[in-house]
Amino acid sequence: QLQLVESGGGLVQPGGSLRLSCAASGFTLDYYVIGWFRQAPGKEREGVSCISSSGDSTMYADSVKGRFTISRDNAKNTGYLQMNSLKPEDTAVYYCAAARGYYCTGSHFGSWGQGTQVAVSS
C-alpha cells in the first residue's frame, strides 16, 4: 500500500512558524518528486512548492517565496515544508503529494496525503 501522511499543522498567530512533515510508507521516495499543495474553503487547490527527487532543485509559488522552504530526507523517507512569517491568507488544508520522476516540471502527482489543517489567526 502506498501512503503519505502529513503532520505538523495547527493554529498559529500571524508572523509565526510551522513545520509540516510528509511521511511515506509502502514505497521509497528516492525516485519521486514531492509537492506541497493547499486548499482554502471555497477556493481551488493551488501548488505551493515542489522539490526534485534528489533535492537539488526546488520551486515555490510567488505568494510563499522567501517565507517557505521545502526539503526532504530520503533516508527517513520524509518530506518537509518549513513555513515562516505566516499570514492569515496562508490558512488552508495543506497536502503533500508524490510524482514518479526526477524534476518538478511536468510532474503528475498520483499519490496524496490526507491533508493537515493550518490556521493563521490572531
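Residues numbered from 1 in each chain as written. Predicted model: local features only at pLDDT ≥ 70, side-chain atom pairs only at ≥ 80, totals over all residues. Heavy atoms only, no water.

Counting its secondary structure elements, the chain contains zero helices and 11 strands. Each helix and strand of the chain, ordered N terminal to C terminal, gives the series β-β-β-β-β-β-β-β-β-β-β. Rg of the C-alpha trace for the chain: 13 Å, near the compact-globule value of 14 Å for 122 residues, within the 12% margin. Structurally, the chain occupies a C-alpha span of about 40 × 25 × 25 Å along its principal axes. (Helix = DSSP H or I, 4+ residues; strand = E, 2+ residues; numbered from the N terminus. Rg over C-alpha atoms; globule rule 2.2 N^0.38 Å.)

On to the side chain of Arg38, then. Among the structural elements, Arg38 can be located in strand 4 (residues 32–39). Side-chain polar atoms of Arg38 contact the side chain of Ser63, separated by 3.4 Å. A distance of 2.9 Å separates polar atoms of two side chains, one belonging to Arg38 and the other to Tyr94. When sequence neighbours within four positions are dropped, the list of residues in contact with Arg38 reads Glu44, Arg45, Glu46, Val48, Ser63, Val64, Phe68, Glu89, Asp90, Ala92, Val93 and Tyr94. (Polar contact = N/O pair within 3.5 Å; in protein donor to acceptor, adjacent residues only side chain to side chain. Contact = heavy atoms within 4.5 Å.)

Applying the stated criterion across every chain, the model contains five salt bridges. Ionic pairing is found between Asp90 and Arg67, a salt bridge with its closest N-O pair at 2.8 Å. One end of the pair, Asp90, is in the loop between strand 8 (78–83) and strand 9 (92–100); the other, Arg67, is in the loop between strand 6 (58–60) and strand 7 (68–73), with 23 residues separating them in the sequence. The same class applies to Asp90 and to Arg67, which are both buried. A salt bridge links Lys76 to Asp73; its shortest N-O distance comes to 3.5 Å. Residue Asp73 is classed as partly exposed on the basis of its relative accessible area of 26%. If you follow the salt bridges from partner to partner, you end up with Arg38, Glu46, Arg67 and Asp90 in one network. (Salt bridge = Lys/Arg side-chain N within 4 Å of Asp/Glu carboxyl O. Buried < 20%, exposed > 50% of the residue type's maximum accessible area, 1.4 Å probe, protein only.)

Throughout the structure, instances matching the rule amount to two disulfides. Put simply, Cys22 and Cys96 are joined by a disulfide, and their sulfur atoms are 2.1 Å apart. Between Cys22 and Cys96, the disulfide has an S-S torsion of 65° and is therefore right-handed. In this pair, Cys22 sits in strand 3 (residues 18–25) while Cys96 sits in strand 9, placing the two residues 74 residues apart along the sequence. Each member of the pair, Cys22 as well as Cys96, is classed as buried. When the cysteines engaged in disulfides are numbered in sequence order, the chain pairs them as 1-3, 2-4. (Disulfide = S-S within 2.5 Å.)

All we've got here are geometric facts, nothing functional implied.
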